[in-house]
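# Working through the structure, step by step
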Protein chains: 4
Amino acid sequence: MRITENRYGKSGVRVARVVRHQDRHEMHEMTVAIQIEGDFDSSYSEGDNSKVLPTDTMKNTVYAFAAGPEAAQPESFALLLARHFVSTQPQVHRASVEVQCQPWQRNGRFSFSGSGPLRRTASVTAEGASETVEAGIADYLLLKTTGSAFAGFVKDSYTTLAETQDRLFATSLDARWRYRGEDISMDTNWWDTSWHAVMKLLTETFAEHESKSVQHTLYAMGEAVLAECDHVSRIHLTMPNKHYLPVDLRPFGLSNANEVFVPTDEPHGLIEAVLEQ
Amino acid sequence: MRITENRYGKSGVRVARVVRHQDRHEMHEMTVAIQIEGDFDSSYSEGDNSKVLPTDTMKNTVYAFAAGPEAAQPESFALLLARHFVSTQPQVHRASVEVQCQPWQRNGRFSFSGSGPLRRTASVTAEGASETVEAGIADYLLLKTTGSAFAGFVKDSYTTLAETQDRLFATSLDARWRYRGEDISMDTNWWDTSWHAVMKLLTETFAEHESKSVQHTLYAMGEAVLAECDHVSRIHLTMPNKHYLPVDLRPFGLSNANEVFVPTDEPHGLIEAVLEQ
Amino acid sequence: MRITENRYGKSGVRVARVVRHQDRHEMHEMTVAIQIEGDFDSSYSEGDNSKVLPTDTMKNTVYAFAAGPEAAQPESFALLLARHFVSTQPQVHRASVEVQCQPWQRNGRFSFSGSGPLRRTASVTAEGASETVEAGIADYLLLKTTGSAFAGFVKDSYTTLAETQDRLFATSLDARWRYRGEDISMDTNWWDTSWHAVMKLLTETFAEHESKSVQHTLYAMGEAVLAECDHVSRIHLTMPNKHYLPVDLRPFGLSNANEVFVPTDEPHGLIEAVLEQ
Amino acid sequence: MRITENRYGKSGVRVARVVRHQDRHEMHEMTVAIQIEGDFDSSYSEGDNSKVLPTDTMKNTVYAFAAGPEAAQPESFALLLARHFVSTQPQVHRASVEVQCQPWQRNGRFSFSGSGPLRRTASVTAEGASETVEAGIADYLLLKTTGSAFAGFVKDSYTTLAETQDRLFATSLDARWRYRGEDISMDTNWWDTSWHAVMKLLTETFAEHESKSVQHTLYAMGEAVLAECDHVSRIHLTMPNKHYLPVDLRPFGLSNANEVFVPTDEPHGLIEAVLEQ
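Report on the accompanying structure.

### Structural notes on the overall build of chain A
Each helix and strand in chain A was counted, giving five helices and 12 strands. Residues classed as buried in chain A amount to 61% of the 277 residues present. The contacts in chain A between residues at least 6 apart in sequence include a share of 64% that link residues at least 24 apart. When the accessible surface of chain A is split by element, carbon and sulfur atoms take 46% of a total near 10200 Å². Positive and negative side-chain charges of chain A, numbering 26 and 37 respectively, have mean locations separated by a distance of 4 Å.

### A look at the interface of chain D and chain A
Of the residues lining the interface, 69 residues belong to chain D; the matching set on chain A comes to 69 residues. Both sides together, the interface formed by chain D and chain A hides about 5900 Å², and carbon and sulfur atoms give 55% of it. When residues of chain D are sorted by the area they lose upon contact with chain A, Met1(D), Tyr44(D) and Tyr158(D) head the list and together hold 13% of the total. Inspection of the region where chain D meets chain A yields six salt bridges. In this structure, the salt-bridge partner of Glu272(D) is Arg7(A), at a minimum N-O distance of 3.2 Å. Counting across the chain D and chain A interface gives 34 residue pairs in polar contact (both at pLDDT 80 or more). Elements with a minimum of two residues in the side of chain D that touches chain A: β1 (2–20), α1 (41–45), α2 (55–65), α5 (214–228) and β12 (268–276) of chain D. Counting residues per element, the side of chain D that touches chain A draws most heavily on β1(D), which supplies 13 residues. Per-class residue counts for the side of chain D that touches chain A are 25 nonpolar, 28 polar and 16 charged. The pairing of strand β1 (residues 2–20) of chain A with β12(D) spans nine bridges and is antiparallel. Along β12(D), the bridge assignment pairs Arg2(A) with Glu276(D).

### Looking at the pairing of strand β11 (residues 260–263) of chain D
Alternating residues of β11(D) divide into Val260(D) and Val262(D) and Phe261(D) and Pro263(D), and every residue in both groups is buried. Direction of pairing for strand β1 (residues 2–20) of chain C relative to β11(D): antiparallel, over a ladder of two bridges. Note on β11(D): the bridge partner recorded for Arg17(C) is Val260(D).

### So, the packing of α2(D) against helix α3 (residues 74–88) of chain D
Residues and elements named next belong to chain D. One can describe the packing of α2 onto α3 by two numbers: an axis separation of 11 Å at closest approach and a directional angle of 135°. Taken together, α2 and α3 sit at an angle that is classed as oblique. For the crossing formed where α2 meets α3, the hand is right-handed. Side by side, α2 and α3 meet where Met 58, Thr 61, Val 62 and Phe 65 of the first sit next to Phe 77, Leu 80, Leu 81, His 84 and Phe 85 of the second.

### Some thoughts on the interface of chain C and chain B
Interfaces are frequently sized by the accessible area removed from exposure as the parts join. The interface of chain C with chain B comprises 69 residues on the first partner and 69 residues on the second. Summed over both sides, the interface of chain C with chain B buries roughly 5900 Å², with 55% coming from carbon and sulfur. When residues of chain C are sorted by the area they lose upon contact with chain B, Met1(C), Tyr44(C) and Tyr158(C) head the list and together hold 13% of the total. Linking chain C with chain B are 34 residue pairs in polar contact (both at pLDDT 80 or more). Mapped by element, the contributors of at least two residues to the side of chain C that touches chain B are β1, α1 (41–45), α2 (55–65), α5 (214–228) and β12 (268–276) of chain C. For the side of chain C that touches chain B, the leading source of residues is β1(C), giving 13 residues. Among the residues making up the side of chain C that touches chain B, the classes are represented as 25 nonpolar, 28 polar and 16 charged.

### A word on the relation of the copies chain D and chain A
When chain D is brought onto chain A, the operation consists of a screw motion whose angular component is 180° and whose axial shift is 0.0 Å, with 0.0 Å RMSD remaining. The relationship between the two copies is best expressed as a two-fold rotation axis. A shared binding surface is used by both copies, with 100% of the interface residues of chain D retained as interface residues in chain A.

### Considering the packing of aromatic side chains
One pass over the full model with this rule turns up 32 aromatic pairs over all chains. Plain terms: the ring middles of Tyr179(A) and Trp191(A) are 5.4 Å apart, the flat faces sit at 65° to each other, and that makes the pair edge-to-face. Of the two residues, Tyr179(A) sits in strand β8 (residues 169–179) while Trp191(A) sits in helix α4 (residues 188–208), which places them 12 residues apart along the sequence. Both residues of the pair, Tyr179(A) and Trp191(A), count as buried. Members of the aromatic cluster, joined through ring pairs, are Phe65(A), Phe252(B) and Tyr158(D). Residue placement shows Lys144(D) over the ring face of Phe206(D); its charged tip is 5.5 Å from the ring centre.

### Notes on the relation of the copies chain C and chain B
When chain C is brought onto chain B, the operation consists of a screw motion whose angular component is 180° and whose axial shift is 0.0 Å, with 0.0 Å RMSD remaining. Comparing interface residues between copies, 100% of those in chain C also sit at the interface in chain B, which points to an isologous, same-surface contact.

### Considerations on helix α3 (residues 74–88) of chain C
Side chains three or four residues apart in an α-helix point the same way, a direct result of the helix having 3.6 residues per turn. Residue and element names in this part refer to chain C. Along its 15 residues, α3 runs 21 Å from first to last C-alpha, staying within 8% of the 21 Å computed at 1.5 Å per residue. Of all 15 residues in α3, 11 are buried; the element is thus mostly enclosed. Turning to α3, its buried residues number three or more, namely Pro 74, Glu 75, Ser 76, Phe 77, Ala 78, Leu 79, Leu 81, Ala 82, His 84, Phe 85 and Val 86.

### Thoughts on the pairing of strand β9 (residues 232–241) of chain B
All names here are of chain B. Of all 10 residues in β9, nine are buried, a share of seventy percent or more. Two elements, strand β8 (residues 169–179) and β9, share six bridges in a ladder whose sense is antiparallel. Pairing of Asp 174 across the sheet is with Thr 238, part of β9. As defined by bridge partners, β9 adjoins strand β12 (residues 268–276) across eight bridges and the pair is classed as antiparallel. Counterpart to Thr 238 in the pairing with β12 is Glu 272.

### A look at unusual backbone geometry
Where the residue is not glycine, phi is negative for most of them; where a peptide bond is considered, it is trans in most cases. Omega for the peptide link from Gly116(A) to Pro117(A) comes to 0°, which places this bond in the cis form. The residue Pro117(A) is located in the loop between β5 (111–114) and β6 (119–127) in this model. In this structure, Asp139(B) is a non-glycine residue whose phi angle is positive, near 60°. Tracing the backbone shows Asp139(B) in strand β7 (residues 130–144). By relative accessible area, Asp139(B) is classed as partly exposed at 28%.

### Remarks on the environment of Glu210(D)
Residues and elements named next belong to chain D. Position of Glu 210 among the secondary structure elements: in the loop between α4 (188–208) and α5. Glu 210 gets classed as exposed once you look at its relative accessible area, which sits at 59%. Put simply, Glu 210 and Ser 148 are 62 residues apart on the chain and 6.2 Å apart in space, counted from C-alpha to C-alpha. If we ignore the near neighbours within four places in the chain, the residues touching Glu 210 are Gly 147 and His 216.

Cut-off values and rules
- Residues numbered from 1 in each chain as written.
- Chains lettered and ligands numbered in written order.
- Predicted model: local features only at pLDDT ≥ 70, side-chain atom pairs only at ≥ 80, totals over all residues.
- Heavy atoms only, no water.
- Helix = DSSP H or I, 4+ residues; strand = E, 2+ residues; numbered from the N terminus.
- Buried < 20%, exposed > 50% of the residue type's maximum accessible area, 1.4 Å probe, protein only.
- Contact = heavy atoms within 4.5 Å.
- Areas by Shrake-Rupley, 256 points an atom, 1.4 Å probe, with all protein chains shown as cover.
- Lys, Arg positive; Asp, Glu negative; His and termini not counted.
- Charge placed at Lys NZ, Arg CZ, Asp CG, Glu CD.
- Buried area = accessible area lost by both parts, 1.4 Å probe.
- Salt bridge = Lys/Arg side-chain N within 4 Å of Asp/Glu carboxyl O.
- Polar contact = N/O pair within 3.5 Å; in protein donor to acceptor, adjacent residues only side chain to side chain.
- Nonpolar A, V, L, I, M, F, W, Y, C, P; charged D, E, K, R; others polar.
- Pairing = 2+ DSSP bridges.
- Axes fitted to C-alpha atoms, helices over the stretch in contact; angles between N-to-C directions.
- Parallel < 35°, antiparallel > 145°, perpendicular 65-115°, else oblique.
- Left-handed = near helix turned anticlockwise from the far one by under 90°.
- Least-squares fit on C-alpha atoms with pLDDT ≥ 70 in both.
- Phe/Tyr/Trp six-rings, centres within 6.5 Å; stacked < 30°, edge-to-face > 60°.
- Lys NZ or Arg CZ within 6 Å of the ring centre and 35° of its normal.
- Expected span 1.5 Å × (residues − 1).

As structure tokens, then:
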């Protein structure tokens, strides 16, 4: 018997950082997950903890590092943490850090309102000097009321779906895009600007695309990002098809001119692809 | 043995209504819950269904009424439904309708992004000709980074909390306010304008109040609404105290100038009050 | 303007108590919510905290009292806590304590597995010497595959539901029953025995009743408890109708002999009643 | 630009199957997710749906196949579905089917109560004639009140955790184990017996192991399964460390003999490994 994979770490580490400028405060709230891999077989097979950095220590490290300026952006914060674990613990061969941001929108100089369910994400892997940085979004709800068709598909003996030239198209986008290695730095402004540039492309392409299927629009969104953003080398898009079913109002003496729908959560389509250049 | 209370209805009725103008579409998505009370004892004690309107019929009624213009605002939609059940089914003495709106923000003429967790709500009760309309919000996350103290409280043998003059104050506001009966109408613009006026007062008062406690700020928020909005007669505010705990960074050789916090979900304070004028 | 209602307290206070016998351990895990009412108007209107017991102190009190033997049952634990707040803080006129138990089933002498979603609950209100104790259950999933009809109901112009003599009946029972005042004590065995007796009646009656509607079965279940349990004076039952919809398999050349269903969460019927003797 | 990965399918397909024997009924409730991969690039890049089997058809296939005897066990049901998609649609190179079972425990001949959060799972991948079957469990809550230590670990400048010889150990086990290819069949009894045999080993090993860490116990559990079950070739175990923190009762004049704990959900440790033989 052998151990063919193993990793461990701390998840759900919530931390908030307030930056107190004279005239206004910044509010950064994040949830961090850390996973490390390395020379840990004996901890499993023998209960030998001599190389085990406790996950409680990882949590403390998140709190301590939150005091630094890198905590203002999830990419730089994740980088700082991942580098720490691979550089200070020789038995650690690989450290992965995921950060999810709780979005707070400014209401006043010292006051904010929470929004969501969309969360900005960052994911960093450090393996010696080799580092990968992916930014992303999770649970970004998008809907369009026209410009979406689905026709010309395969029919078999279990097919009952009608073809349509005009349906509601709703999704909850998860996206992760990878930055080229030469762009990795601690420049927090760069990370922020880059994230917003990608988000703008994803949002606008979804709105404007004449969709023949979820697959078709997913591709167009990824293509827009790779075409416009030279510093992005790869994008992974996951798009559920959150069905809005037209209601048959005829039993009640009414017609439904594509106006009344039942939103459903399950079952849902689920489409994903990775695009690279 | 006797039945001292009973009610039944349909919950979780999700419906979406698209209004298709030439140059742009409106998107309205709601979740409706209906409860009726009346002469139903025999359905419980005898299994006599002769007066029972099926909850499936209530669901269909929601779908059918969603085709009308009242569906553009939750208050008018709830009113329409509540009036229908008390006026068409004589055994129904009271109908209560709750509507929660899924917020969709416009991204383009035909395209939207979802936001939350805040939801606009409406709650209508019809009892013969007597009607009550309450508007509200649920899960409105608010946070301020200064302007919040908590001191001068009771100490007993279980008290360990330190007094503070400057803490983070975060809450998830639930509010319901009642409109005066003379304002009840099917004027959808009026409902929309009134809701936004109350929301602006709640948001600004939270931001600007010099808080001595959650109770103190809750009262100020309700007072602002009752003072400014003549058409509101009553407001019910519920405010959890979502604690952000300052982290002790001294074990790591660092100080924490009120900058690094651990956000927690549980346990949480929970404060509520009803104000009337 | 006046405050017409107010209360505050601490919710989501989780605590676990291990009782370490020589040969086996007991595991009790609870989530506690405390709410108090009383002479607190000035804390709202003036920010005067001189009568305010901090909710953090309530949390500490839960932890401290968890060390006592009363923590072995939710009713006695809630009683102990409610009595403490009304008896030690004269400004408190009423204290309400809700306890939910996380069920742990024994796997070994010192080992357990968690179950659910059913949770045992207790709810105590103390108002001076007047005390009310309600035990209950939350999220008790029950399903029967036959013995359930729904027919003879009202039809209107929105009715499309077919009558049925044999449907699946699934619910998620919430029940709360009130014990007579003379039975209120710190006898933990009594509370445990009484809870299990009621649960047995609810479970068996659901299984055996020939149901004409959810209302009909709800009544039978409450009637069984009030008839058999002299120490119960009142029971409040809430039963969603969790619909299992038969699938039309004819498009696929198959018949469905009441065997294949789609379980749905929304929309759902919701039926409730209070029975007293 | 190129598509380097893509897949699509239907998730959240809920279906219930009642088997109606004369004297008792069986209740099977499952949630199915299907994903297919193959020759689909043109659907993304061109919006060409000519090879796209709609996800709605996949849903219908689940309903239709639920009428067959294979639906009595998740492994055989998943196999049937996966084989269908690869054998009837030549453009499909790979089909993956995940099934999660909602556990219903028998209360009577025709009556059941739901339990959880534990769910039995099955996961099948078909790639031409090559098939992989994994059975598993999700969200299996396990807790032991003694027999768990954590000491001898690495200390760095962020470590504050004290060593302990006796802590509470709680987890929510996710496990997936792979059966050898020669055991793959439609024998529903075999799947059921095998699943229960693995569950018994996991449960007993957790209860009896003298744990030096979560890693140590995870390994012992996997080792027990691989040693005892010849038909299992691989097991993947994921175990969060759900921390129960001892409460310091000294401020209240009490001692805590390892009896009173605060259960916490976040942050939590997260340990995983794959064992193979």
